[in-house]
Amino acid sequence: MDKDWYRINNVESILSPSLVVFPKRIEANIKLMIQIAGGTDILRPHIKTHKIAEIINMQLDHGIGKFKCATLSEAELLAKCNAKDVLLAMQMTGIGIYNFIELVSKYPETKFSTIVDNKGSIVKFNEASKNSNIKASIWLDINNGNNRTGISPNNEATLLYKDIYQSSNLIVEGLHVYDGHIRDSDINIRKENCDLQFEKVLKLKEEIESLGIEVKKIVAGGTPTFPIHSRRDNIEVSPGTSLLWDERYGELFKDLNFLHAGVLVGSVISRPSEDVICLNFGHKSVASEMEFPRLKLLNMKNFKQISHSEEHLVCKCEKGDNFNVGDICYAIPMHICPTVPKYKRVLTVVDNELTGHWLVAARDYNN
């Protein structure tokens, strides 16, 4: 493809820093995601990366009907887009439980479900559902090595699944298994590790079903492992980063040929010394939780990122005199997911022309 695909005509009219997205590339990524999954039936894409109605609608237009999200705001956005099936993959606590129940009542045309990993949450969800006279759909969240959320696939998990099944106002949907810790660059090693750790989940499924309780479905994996899980039976997969892609995943997973579809546009704002320039890509405009580099500069080579603060990204270079204050720079974030919600809107570019903007409609936790 065109090596200058990211350049924008009349880019000087854009206030920097800005985040721009490329709808044609997003659509190509949607098609590739469907191809890898072998169709739309098992796809439950995560919207946490983009949080944008137009991208949800693009997926709906391609026949994707199930989605996954991380916040109540994202869940409501999906319902407003008429998504039929929404999994909120974040265990709600406190008032969040009641807010989730309100969503279920407010949007009856959308099937909402969420996750739990402990007895207390099961009791609270059942009580809230009973008080609202509804049935809440619940997945048991399983920890198969990520050690972030979920319960280990052991006998306690079997008993918790039974508790959900026997609760008066809960419907047990299945098992939710996110294995984001499996990030081997070599697809063969990644598959070996993924299969090995998933064996525990399959064993848990057998133990639950030995009690006469059906495990209707398993939602498994994220972007790195969804091609592997796609080959299993009775599985749904949840890629998310694949639609915009970022430099970290692009470098790690050469087997996944997704296109970069989100680009930061910034500028040189100072040259404090001969071998140093400063860009306006501060913490407020690009995710800063990663080690350096925080982004890949597309049109500026041989720069070393040495300092990052709220408004500034300082870079060291050999020939700083080749750049002037005001020069435009294009960059791909190392981590696109926490970069997107730093912007109220993203600009859209088609064939190097600025065409409009899309709101990052679910950037807040609550609308």
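Bear in mind the structure is a predicted one, so any value in this text is a computation, not a measurement.

Student: When you look at the pairing of strand β7 (residues 217–220) in this model, what are you seeing that I'm missing?
Tutor: Two faces belong to every sheet, and in a regular strand the side chains alternate between them. Of the strand pairs in this sheet, strand β6 (residues 170–177) and β7 are connected by four bridges, and their pairing is parallel. Considered in β7, the bridge of Gly174 is made with Lys217. In this region the chain leaves β6, passes through helix α7 (residues 187–209) and returns to the parallel neighbour β7; the handedness of that crossover is right-handed. One ladder, built from three bridges, connects β7 with strand β8 (residues 235–237); its direction is parallel. Looking at the pairing, Ala220 lines up with Val237 of β8.

Student: Looking at this model, I keep getting lost on the nonpolar core. Mind explaining?
Tutor: Soluble, globular proteins show a tendency: their nonpolar side chains are buried together. Among the nonpolar cores identified, the biggest contains 98 residues, and Leu175, Leu279 and Phe281 are the most heavily contacted of them. No other element matches the seven residues that helix α1 (residues 23–37) contributes to this core. Sequence-distant contacts of Leu175, that is, excluding residues within four places in its chain, are made with Trp139, Leu140, Ile142, Tyr161, Val201, Leu204, Ile208, Val215, Lys217, Ile218 and Val219. Counting residues in each nonpolar core, the second largest holds 14 residues, with Ile8, Val265, Tyr330 and Ile332 among its members.

Student: Could you clarify how one ought to interpret the pattern of salt bridges in this entry?
Tutor: Opposite charge on two side chains permits them to pair, given that their charged atoms come into close proximity. Taken as a whole and assessed by the stated rule, the structure comprises 18 salt bridges. Here Glu236 makes a salt bridge to Arg44, at a shortest N to O gap of 2.7 Å. One end of the pair, Glu236, is in strand β8; the other, Arg44, is in the loop between α1 and α2 (53–61), and 192 residues separate them in sequence. By the burial criterion, Glu236 is buried, and Arg44 matches it. Between Glu247 and Lys296 there is a salt bridge, and its shortest N-O distance comes to 3.9 Å. In this pair, Glu247 sits in helix α9 (residues 247–252) while Lys296 sits in strand β11 (residues 295–297), placing the two residues 49 residues apart along the sequence. On the basis of relative accessibility, which here comes to 6%, the residue Glu247 falls in the buried class. For Lys296, a relative accessible area of 35% puts it in the partly exposed group.

What counts as what
Residues numbered from 1 in each chain as written. Predicted model: local features only at pLDDT ≥ 70, side-chain atom pairs only at ≥ 80, totals over all residues. Heavy atoms only, no water. Pairing = 2+ DSSP bridges. Helix = DSSP H or I, 4+ residues; strand = E, 2+ residues; numbered from the N terminus. Right-handed = clockwise from strand over helix to strand, strands pointing away. Core = buried A, V, L, I, M, F, W, Y, C linked by side-chain atoms within 4.5 Å. Buried < 20%, exposed > 50% of the residue type's maximum accessible area, 1.4 Å probe, protein only. Contact = heavy atoms within 4.5 Å. Salt bridge = Lys/Arg side-chain N within 4 Å of Asp/Glu carboxyl O.

None of the figures reported here should be taken as evidence of function without further support.
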